[in-house]
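# Topology and contacts: notes
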Amino acid sequence: MDGLLREVQITLSSLLVGAWLMMCYDVLRIFRILIRHGSFWVGAEDFIYWLYAGITTFLLLYQENDGSLRWYIIAGTFAGMVIYDRFFSRIYLKLLKKLVEWIRMKLHKIRFRNEEGSEINKTVTSTEKR
């Protein structure tokens, strides 16, 4: 029974790793919305992401199973990605988009205050010279 419990724990770990990898990809999606760039950079970002995903999956295999390949761990990681994408990704993306909008709004207010302050300084300076 102890072996079965260990296998269930490994499967749950692989599901969580898959969900984590998709959360990271959602952050990359928001980054692409924030800063638009060409297909070369999108390809480079995807390459780096999949390199990270491969290393993370390998580390899971190494830590949980001494590096030996078990297909159910790969399948569990993939299933975690699909489950996250289907049920949680939309919520997480909405939260990230609201956070980005909030940050943009705060930056706009700071920029507006700075521009407004410089206009006041110009007006005060020009009236003092008269």
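A few points on the structure. (Residues numbered from 1 in each chain as written. Predicted model: local features only at pLDDT ≥ 70, side-chain atom pairs only at ≥ 80, totals over all residues. Heavy atoms only, no water.)

## Section: the pattern of salt bridges
If you walk through the whole model with that rule in mind, you get seven salt bridges. Close ionic contact of Arg-6 with Glu-64 constitutes a salt bridge, the shortest N to O distance being 2.8 Å. One end of the pair, Arg-6, is in helix 1 (residues 2-34); the other, Glu-64, is in helix 2 (residues 39-65), with 58 residues separating them in the sequence. Take Arg-6: its relative accessible area is 31%, and that puts it in the partly exposed class. Of the charged contacts in the structure, one is a salt bridge between Glu-7 and Arg-70, with a shortest N-O distance of 3.1 Å. Placement of the pair is Glu-7 in helix 1 and Arg-70 in the loop between helix 2 and helix 3 (71-87), with a sequence separation of 63 residues. Judged by its relative accessible area of 26%, Glu-7 is partly exposed. Each of Asp-26, Arg-29, Asp-85 and Arg-86 takes part in salt bridges that share partners, so that together they form one network. (Salt bridge = Lys/Arg side-chain N within 4 Å of Asp/Glu carboxyl O. Helix = DSSP H or I, 4+ residues; strand = E, 2+ residues; numbered from the N terminus. Buried < 20%, exposed > 50% of the residue type's maximum accessible area, 1.4 Å probe, protein only.)

## Notes on the nonpolar core
Grouped together as the largest cluster of nonpolar side chains are 15 residues, with contacts concentrated most on Leu-21, Met-22, Tyr-49, Ile-73 and Met-81. Contributions of two or more residues to this core are made by helix 1, helix 2 and helix 3. For this core, the element with the highest residue contribution is helix 1, accounting for eight residues. Filtering out sequence-adjacent residues up to four positions away, Met-81 remains in contact with Gly-18, Ala-19, Leu-21, Met-22, Tyr-49 and Trp-50. (Core = buried A, V, L, I, M, F, W, Y, C linked by side-chain atoms within 4.5 Å. Contact = heavy atoms within 4.5 Å.)

## Let's talk about helix 2
Compared with the 39 Å implied by 1.5 Å per residue over 27 residues, the 38 Å span of helix 2 between its first and last C-alpha is a close match. The complete set of buried residues in helix 2 reads Glu-45, Tyr-49, Ala-53, Thr-56, Thr-57, Leu-60, Leu-61, Glu-64 and Asn-65. Where the residues of helix 2 are buried, they touch helix 1 and helix 3. Following helix 2 by one or two positions, Asp-66 adopts a phi angle in the positive range, close to 55 degrees. (Expected span 1.5 Å × (residues − 1).)

## Quick notes on a nonpolar patch on the surface
Side chains of Phe-47, Ile-48, Leu-51, Ile-55, Phe-58, Leu-59 and Tyr-62 sit close together on the surface and give an oily, nonpolar patch of about 760 Å² of accessible area. Along the chain, Leu-59 turns up in helix 2. (Patch = residues over 30% accessible without salt bridge, like charges linked within 9 Å, V, L, I, M, F, W, Y side chains within 5 Å. Areas by Shrake-Rupley, 256 points an atom, 1.4 Å probe, with all protein chains shown as cover.)

## Topic: the environment of Glu-64
Sequence spacing of Glu-64 and Ser-13 is 51 residues, and the spatial spacing of their C-alpha atoms is 8.8 Å. Once residues within four sequence positions are removed from consideration, Glu-64 is found in contact with Arg-6, Ile-10 and Ser-13.

## Thoughts on the packing of aromatic side chains
Evaluation of the coordinates by the stated rule reveals six aromatic pairs. Centroid distance Phe-40 to Trp-41: 5.1 Å. Interplanar angle 80 degrees. Geometry classified as edge-to-face. Exposure class is identical for Phe-40 and Trp-41. Each is exposed. Between Phe-58 and Tyr-62, the aromatic rings sit 6.1 Å apart at their centres with planes inclined by 25 degrees, giving stacked as the arrangement. Highlighted residues: Phe-58 and Tyr-62, both in helix 2, separated by four residues, approximately one helical turn. Every member of this aromatic cluster is reached through a ring pair, and the members are Tyr-25, Tyr-49 and Trp-50. (Phe/Tyr/Trp six-rings, centres within 6.5 Å; stacked < 30°, edge-to-face > 60°.)

## Topic: the packing of helix 1 against helix 2
Relative orientation of the contacting elements helix 1 and helix 2 amounts to 165 degrees, with a least axis distance of 11 Å. Judged on the interaxial angle alone, helix 2 and helix 1 are roughly antiparallel. Note on packing geometry: the crossing formed by helix 1 with helix 2 is right-handed. Split by residue class, the contact of helix 1 with helix 2 holds 14 nonpolar, four polar and five charged. (Axes fitted to C-alpha atoms, helices over the stretch in contact; angles between N-to-C directions. Parallel < 35°, antiparallel > 145°, perpendicular 65-115°, else oblique. Left-handed = near helix turned anticlockwise from the far one by under 90°. Nonpolar A, V, L, I, M, F, W, Y, C, P; charged D, E, K, R; others polar.)

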